[in-house]
Amino acid sequence: MSLYVGVDIGRSVDSTAIVVDEVYRPTDITQPKLWLPLRHRLRWIQRVPLHTTYQEIVEQIAVVAEAAATWGPAMVALDATGVGRPVVDMLRARCSVPLRAITLTGGSKVVVEGYEMSAPKRDVVVALECIVTGHHFESVPDCPMQQDMITELTGFDY
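These remarks concern the structure in this document. Just so it is clear, the structure is predicted and the values come from calculations on it, not from any experiment. Each chain carries its own residue numbering, running from 1 in the written order of its sequence. Residue-level local features of this predicted model are given only where pLDDT is at least 70; pairs of side-chain atoms are given and counted only at 80 or more, and the full residue set underlies all totals for whole chains, interfaces and linings. The side-chain values count all of the structure's non-hydrogen atoms but skip hydrogen atoms and water molecules.

A word on the overall build of the chain. Think of it this way: any DSSP run of H or I at least four residues long counts as a helix, any run of E at least two long counts as a strand, and we number them from the N terminus. Along the backbone of the chain there are four helices and eight strands. Listing the helices and strands of the chain from first to last along the sequence gives β-β-β-α-β-α-β-β-β-α-β-α. Its C-alpha atoms give the chain principal-axis dimensions of roughly 50 × 35 × 30 Å. Note on exposure labels: buried denotes an accessible area under 20% of the residue type's maximum, exposed denotes more than 50%, and partly exposed covers the range between, all computed with a 1.4 Å probe on protein chains only. For the chain, the proportion of its 158 residues judged to be buried stands at 34%. What makes two residues a contact is simply this: any of their non-hydrogen atoms within 4.5 Å. Here the analysis covers contacts within the chain between residues at least 6 apart in sequence; of these, 49% occur between residues at least 24 apart. Summed over its atoms, the accessible surface of the chain is roughly 9300 Å², and 59% of this surface lies on carbon and sulfur atoms. Charged residues are defined here as Lys and Arg on the positive side and Asp and Glu on the negative side; His and the ends of the chain fall outside this count. A charged residue contributes its charge at one atom only: NZ of Lys, CZ of Arg, CG of Asp or CD of Glu. Charge-centre separation for the chain: the mean point of 14 positive side chains lies 5 Å from the mean point of 19 negative side chains. Here the open area of atoms and residues is found with the Shrake-Rupley method and a 1.4 Å probe, where only the protein chains shown may cover a residue.

Val5, Val7, Ile61, Val76, Leu78 and Leu91 are the most contacted members of the largest nonpolar core, which has 25 residues in total. If you list the elements that add at least two residues to this core, you get β1 (2–8), β2 (17–24), α1 (54–68), β4 (74–79), α2 (84–94) and β5 (99–105). A total of seven residues in this core trace back to one element, the largest contributor, which is α1. Nine residue types can take part in a nonpolar core, namely buried Ala, Val, Leu, Ile, Met, Phe, Trp, Tyr and Cys, and a core is a set of them joined through side-chain atoms within 4.5 Å.

When DSSP finds two or more bridges between a pair of strands, those strands are recorded as paired. Pairing is mixed in the open sheet, where eight strands are placed in the order β6-β7-β5-β4-β1-β2-β3-β8. For this open sheet the edge positions go to β6 (111–113) and β8 (137–139), each flanked by a neighbour on one side alone. With direction set aside, neighbouring strand axes in the sheet form an average angle of 25°. Bridge analysis of strand β3 (residues 39–47) against β8 gives three bridges, and the strand direction is parallel. Looking at the pairing, Arg41 lines up with Glu138 of β8. The convention used is that axes are lines fitted to C-alpha atoms, helices contributing only their stretch in contact, and that angles between N-to-C directions extend from 0 to 180 degrees.

Position of Thr52 relative to the elements: it lies in the loop between β3 and α1. Setting aside its immediate chain neighbours within four residues, Thr52 contacts Arg11, Ile57 and Gln60.

Among all residues save glycine, negative phi is the norm, and among peptide bonds the norm is trans. A positive phi is found at His51, a non-glycine position, where the angle reads about 70°. Here His51 is to be found in the loop between β3 and α1.

The next thing to look at is the pattern of salt bridges. A pairing counts as a salt bridge when a side-chain nitrogen of Lys or Arg comes within 4 Å of a carboxyl oxygen of Asp or Glu. If you walk through the whole model with that rule in mind, you get ten salt bridges. For the salt bridge of Arg85 with Glu116, the shortest nitrogen-to-oxygen distance reads 2.8 Å. Of this pair, Arg85 sits in helix α2 while Glu116 sits in strand β7 (residues 116–120); the two residues are 31 residues apart in sequence, bridging distant segments of the chain. The partly exposed category is assigned to Arg85, whose relative accessible area is 30%. Judged by relative accessible area, Glu116 falls into the partly exposed class, the value being 27%. Salt-bridge contacts for Glu116 lead to Arg92; the nearest nitrogen and oxygen are separated by 2.9 Å. Here the residue Glu116 occupies a position in strand β7, and Arg92 occupies one in helix α2, the gap between them amounting to 24 residues. Of the residues examined, Arg92 reaches a relative accessible area of 35% and is grouped as partly exposed. Residues joined by salt bridges that share partners form a network here, namely Glu22, Arg39, Arg41, Arg43 and Glu138.

Have a look at this one:
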């Protein structure tokens, strides 16, 4: 099991979204482990109010990430496109949880250099679409904003 704290930075038009995703492989003794698809369990969904300062956004991300790390190994995956870059620097200084900065591009290949990554937006969207349409995700019963997330995912387009 791994925990990912996914972050999409916003401030004045779109709000910042923070999602804690537990990724695991279900156990089924009737099938070889390699044949079971990974599952995603949403543990936490949060929207930071519009016009929140970047310092406050960083603090909220750090609090969520450090809480997630108490459940198991965790990593922050943050959209560093545009204004996300300074937030990455601030968060690395504030948070003890490892952080992967992901820059979405219009390119055609994924490039990984240490904890920095650039990926075509279409690849990220297609991967998310496969998880959603393949019903490979669920959420814990007390996860806030579940229905909002499902509505947004089903209407997402690139």
